[in-house]
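So you can see what is in the structure, the chains are spelled out below.
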Amino acid sequence: LGARRFAFNLVFPERNERFAVSIANGVLVHERDVTLADAPTITSQRAVFLQAMATQTMTRAVLSRQIRIEGNRRSLEGLGDVFDTPDPNFPIVTP
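Before going into details, it helps to say that this report is about the structure given with it.

What counts and how
- Residues numbered from 1 in each chain as written.
- Predicted model: local features only at pLDDT ≥ 70, side-chain atom pairs only at ≥ 80, totals over all residues.
- Heavy atoms only, no water.
- Helix = DSSP H or I, 4+ residues; strand = E, 2+ residues; numbered from the N terminus.
- Contact = heavy atoms within 4.5 Å.
- Areas by Shrake-Rupley, 256 points an atom, 1.4 Å probe, with all protein chains shown as cover.
- Lys, Arg positive; Asp, Glu negative; His and termini not counted.
- Charge placed at Lys NZ, Arg CZ, Asp CG, Glu CD.
- Phe/Tyr/Trp six-rings, centres within 6.5 Å; stacked < 30°, edge-to-face > 60°.
- Buried < 20%, exposed > 50% of the residue type's maximum accessible area, 1.4 Å probe, protein only.
- Arc of directions from axis to C-beta.
- Polar contact = N/O pair within 3.5 Å; in protein donor to acceptor, adjacent residues only side chain to side chain.

Focus: the overall build of the protein chain
- Of the regular secondary structure elements, the protein chain holds three helices and five strands.
- Taken from N to C terminus, the helices and strands of the protein chain fall in the order β-β-β-β-α-α-β-α.
- Considering only C-alpha atoms, the protein chain reaches an extent of 50 × 30 × 25 Å along its principal axes.
- Put simply, of all contacts in the protein chain between residues at least 6 apart along the chain, 52% involve residues at least 24 apart.
- Entry remark: accessible area of the protein chain is about 6800 Å², with carbon and sulfur atoms responsible for 50%.
- Treating the 11 positive side-chain charges of the protein chain as one cloud and the 10 negative ones as another, the clouds have centres 5 Å apart.

Here it is in structure tokens:
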């Protein structure tokens, strides 16, 4: 992550949820019912957003309009690099 910082608003309309999200120094902080004034806003169904983040298909989801971004999109470039790709075969129970 280095010196890169991210800040954005995240809206899940079907759940009536809104979050302010910031990432800095390797720490992600989210605040419910808070809006960051100068940050872009990502609006999507929660499941679509989580799937796009987990599979690194955010660009495809934005281009297909499943995810909307209002504001400065450029400030989100590299956001996907912050997260590790999850292993779908992780051991839930180990001996």
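Next comes the rest of the write-up.
Some thoughts on the packing of aromatic side chains
- Enumeration according to the criterion identifies two aromatic pairs in this entry.
- Plain terms: the ring middles of Phe12 and Phe19 are 6.3 Å apart, the flat faces sit at 65° to each other, and that makes the pair edge-to-face. Assigned by exposure class, Phe12 and Phe19 land together as buried.
- Grouped by ring-pair contacts, the aromatic residues Phe12, Phe19 and Phe49 constitute a single cluster.

Focus on the environment of Thr35
- By the element assignment, Thr35 lies in the loop between β3 (27-32) and β4 (41-44).
- Using a relative accessible area of 46% as the deciding quantity, one classes Thr35 as partly exposed.
- Excluding anything up to four places from it in sequence, Thr35 contacts Asn9, Arg18 and Ala20.

Here's the deal with helix α1 (residues 46-55)
- Taken as a whole, α1 has its buried residues at Phe49, Ala52 and Met53. Down the axis, α1 shows its buried residues gathered within 95° of arc, on one side only.
- Residues of α1 that are buried in the fold lie against β1 (6-12), β4, α2 (58-63) and β5 (67-70).
- Looking at the residues trailing α1, positive phi occurs at Gln56, about 55°.

Brief notes about the side chain of Thr41
- Counting through the fold element by element, Thr41 comes out in strand β4.
- In terms of polar contacts, Thr41 uses its side chain to reach the side chain of Asn9, at 3.4 Å.
- The residues touching Thr41, leaving out its near neighbours within four places in the chain, are Asn9, Val11, Arg68, Ile69 and Glu70.

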